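Survey of secondary and tertiary structure
These are the residues of each chain, in order.
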Amino acid sequence: MKNIFNKTIVFLTLAFGLMSCNGYFDLQPLTQVPAATYFQDEPTIQSGLAACYAGLYMVTNNGMRELDNFPGITDDGYTDHPSWQSFLQNTLNNNMTGDLNVMYSNTYEAIYKANNFIAMVSPTNVVDATKKAQYIAEAKVLRAYEYFFITNVFGDAVLTLKPEAQRDEILKFTRISRIIIKDSMVNDLTNAIKILPKTSYNSGHIVSGTAAALAMRYKIMDYGTPDYAGIIKLFEDNFKVTADPNFALVTKRQFKSMFDGNTVKNTAESDVLVPTDNKEVMLSARYSTSASLSFPYMGGLVSTTTCARPNLFNAFQFDDGTTYDTSGANPKYNPANPFKNRDARLMYTIANKNSLDTMAAYPVKDFLKTNPTYFAWKKYTPYYILYERPLKVGEILTQDVILMRFPEVLLMYAEALNETGRLSDALTALNAVRTRFLPASTAQSKSAISAAIQYERRTEFAEEGAIRYYDLQRWNAMKDILPTLPVSVLQKSTMCTFTSRQRYWPIPEFERIANPNITQNPGY
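An account of the accompanying structure is given in this report. Keep in mind the model is a prediction, meaning the values are calculated, not measured. (Residues numbered from 1 in each chain as written. Predicted model: local features only at pLDDT ≥ 70, side-chain atom pairs only at ≥ 80, totals over all residues. Heavy atoms only, no water.)

What follows deals with the pairing of strand 3 (residues 281-285). Each regular strand shows side chains that alternate between the opposite faces of the sheet. When you tally the buried positions in strand 3, you get five out of five residues, the bulk of the element. Where strand 3 meets strand 6 (residues 401-405), four bridges bridge the pair, whose relative direction is antiparallel. Pairing of Ser 284 across the sheet is with Ile 402, part of strand 6. (Buried < 20%, exposed > 50% of the residue type's maximum accessible area, 1.4 Å probe, protein only. Helix = DSSP H or I, 4+ residues; strand = E, 2+ residues; numbered from the N terminus. Pairing = 2+ DSSP bridges.)

Below is the structure:
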């Protein structure tokens, strides 16, 4: 799934005049230029929109914003980066630099680009009204995606829906309730659902289903009480559990190909997945040669300390759907190779010394021999690195970063059905995801179905950004889970900490210096 539009990001700085800045409130006053100066034809509009899409590839000082380190502040993985370890030890503060500042300011920069695009394209008449409405709807979905991140990591936020012309105007902004922001974004998404095409996502443009899926995310998070009825309506108005015409689940043997860029050959573990046949991905940060963006080495095979936790390895069930245990009571347990007879998603997600026979001799073997946990991230590691050769010096990886997949939609629907008493329907939606890898769940009670849904969410989306982090926060489970975990591979005697203030990260101090009206989160 490469190349967002073919003609892409080269127009970014020309169209928006946004240079790198320390923060949203550090922007210089904007000169208001007529939109026609920028958008003289449809190709320039598409280039401007591609600049908005570039915000999905949101980097921090240590890699991809949501991909690299969020698993490392949950029970799924370790992180060796100081900013993220500060979260685990409850030592985050508003004067921190690096990832904290970059995440905050770059997210607002992406919001600002979307606002600029919407304002600039609205008065143009170089495309017909239907196309123009579609382009604006895409930008609004992208803006809603960024606000989902900012309101679930930093809490209450500044809501801005238009490009402000003067610094004085910007400095009057205050943070407002994240619930109000959620309502605003859901309203935009609801309108976008009606405007955007009802097709699959494989063209690279956001579609109606993408907007519906993001609206479901908003409604299931802890913005007050989850809107389960709203989730059910969104699903039943826009999707089908089986035989959906626009979205579908990939097969078991295609699963790994979504993440390792394998579109050219078959391997021992995975079938080729042709991008145009992939109806599971609903949103991604797409590789583009014209964007000149160096995608990070997303697999864990280059770090001995940013890797998977044993907790995640132990969470994957046996392939008969029973809980993994090492007592020997279940004949499925293989002490010589505990990867065997397990949920197949395990071997697609994690690598260790017992899986060396499936990989190239170098550098994987050397890495795993020295990795203190013997659990490296395998998801997102290119197939040729696993099977053929090491990563070359300066090599740029070309696989896309997946941000939303159809299984998440099914599992949100299952959760909402379960919470509203439709247990049989919930089980049907759950098993649509599960039975690609495991026998169907036969759970009967609400609590048992809930546990089965939580299992599927963890194993299906491990090493896929902040999904596990969001889940633990909305379930209020961080306080119970983090204190049972060591901070890092190198600090196994130091346990993680979690207090109420860690529900949100601190607002960077440079924002509050620029605008004293910006309040700080409690406890910082």
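Still to come is the rest of the account.
Pairing between strand 7 (residues 486-488) and strand 8 (residues 491-495): two bridges, direction antiparallel. By the bridge assignment, Ser 488 is partnered in strand 8 with Gln 491. Between strand 7 and strand 8, which pair antiparallel and follow one another directly, the connecting turn spans two residues.

Relative to the assigned elements, Gln 134 resides in helix 6 (residues 129-153). In this structure, the C-alpha to C-alpha distance between Gln 134 and Val 207, residues 73 residues apart in sequence, is 9.1 Å. In contact with Gln 134, other than residues within four places in its own chain, are Ile 195, Leu 196 and Pro 197. (Contact = heavy atoms within 4.5 Å.)

Summed over the entire model, instances satisfying the criterion amount to 29 aromatic pairs. A ring pair is formed by Phe 39 and Phe 117, whose centres lie 5.6 Å apart and whose planes are at 70°; its orientation type is edge-to-face. Taken as a pair, Phe 39 in the loop between helix 2 (35-38) and helix 3 (42-53) and Phe 117 in helix 5 (residues 99-121) lie far apart in primary sequence, 78 residues in all. This pair shows no difference in class: Phe 39 is buried, exactly as Phe 117 is. Of the aromatic side chains, those joined through ring pairs into one cluster are Phe 70, Trp 84, Phe 87, Phe 148, Phe 149, Tyr 218, Tyr 223, Tyr 469, Tyr 470 and Trp 505. The ring of Tyr 223 carries the charged tip of Arg 178 above its face, separated from the ring centre by 4.1 Å. (Phe/Tyr/Trp six-rings, centres within 6.5 Å; stacked < 30°, edge-to-face > 60°. Lys NZ or Arg CZ within 6 Å of the ring centre and 35° of its normal.)

A few words now on the environment of Arg 457. Here Arg 457 lies in helix 18 (residues 446-461). Sequence separation between Arg 457 and Arg 434 is 23 residues, and the spatial gap between their C-alpha atoms is 10.0 Å. Once residues lying within four places of it in the same chain are set aside, the contact partners of Arg 457 are Glu 408, Leu 411, Met 412, Glu 415, Ile 467, Asp 471, Arg 474 and Trp 475.

This paragraph deals with unusual backbone geometry. Positive phi outside glycine occurs at Asn 90, with the angle close to 60°. Inspection of the secondary structure puts Asn 90 in the loop between helix 4 (82-88) and helix 5. Phi is positive for Ala 243, close to 60°, though the residue is something other than glycine. Note on placement: Ala 243 falls in the loop between helix 10 (228-238) and helix 11 (257-260).

The next thing to look at is the nonpolar core. If you look at the biggest cluster of nonpolar residues, it comprises 133 residues, and the most contacted ones within it are Phe 87, Tyr 218 and Trp 505. Considering every element that reaches this core, the biggest residue donor is helix 6, with 13 residues. Among all residues touching Phe 87, those that are not within four sequence positions of it are Ile 73, Leu 92, Tyr 469, Gln 473, Met 478, Leu 482, Thr 497, Phe 498, Gln 502 and Trp 505. (Core = buried A, V, L, I, M, F, W, Y, C linked by side-chain atoms within 4.5 Å.)

Before going further, it helps to examine the pattern of salt bridges. On inspection of all chains with the given rule, the structure shows 34 salt bridges. For Asp 188, the salt bridge identified is with Arg 143, shortest N-O distance 3.0 Å. Linking Asp 188 in helix 8 (residues 178-195) with Arg 143 in helix 6, this pair joins segments that are 45 residues apart in sequence. A salt bridge links Lys 332 to Asp 319; the shortest N-O distance between them is 2.9 Å. Separated by 13 residues along the polypeptide, Lys 332 in the loop between helix 12 (310-315) and helix 13 (345-349) and Asp 319 in the loop between helix 12 and helix 13 bring together distant segments of the chain. Assessed through its relative accessible area of 26%, Lys 332 is described here as partly exposed. When salt bridges that share partners are traced, they join Glu 280, Asp 343, Arg 345, Lys 379, Arg 405, Arg 434, Arg 436, Glu 456, Glu 460 and Glu 464 into one network. (Salt bridge = Lys/Arg side-chain N within 4 Å of Asp/Glu carboxyl O.)

With that settled, the discussion passes to helix 17 (residues 423-434). With 12 residues, helix 17 extends 16 Å from end C-alpha to end C-alpha; this agrees with the ideal 16 Å at 1.5 Å per step. Of all the residues in helix 17, the buried ones are Ala 426, Leu 427, Ala 429, Leu 430, Asn 431, Val 433 and Arg 434. Check the buried side of helix 17 and you find it contacts helix 13, helix 16 (406-419) and helix 18. (Expected span 1.5 Å × (residues − 1).)

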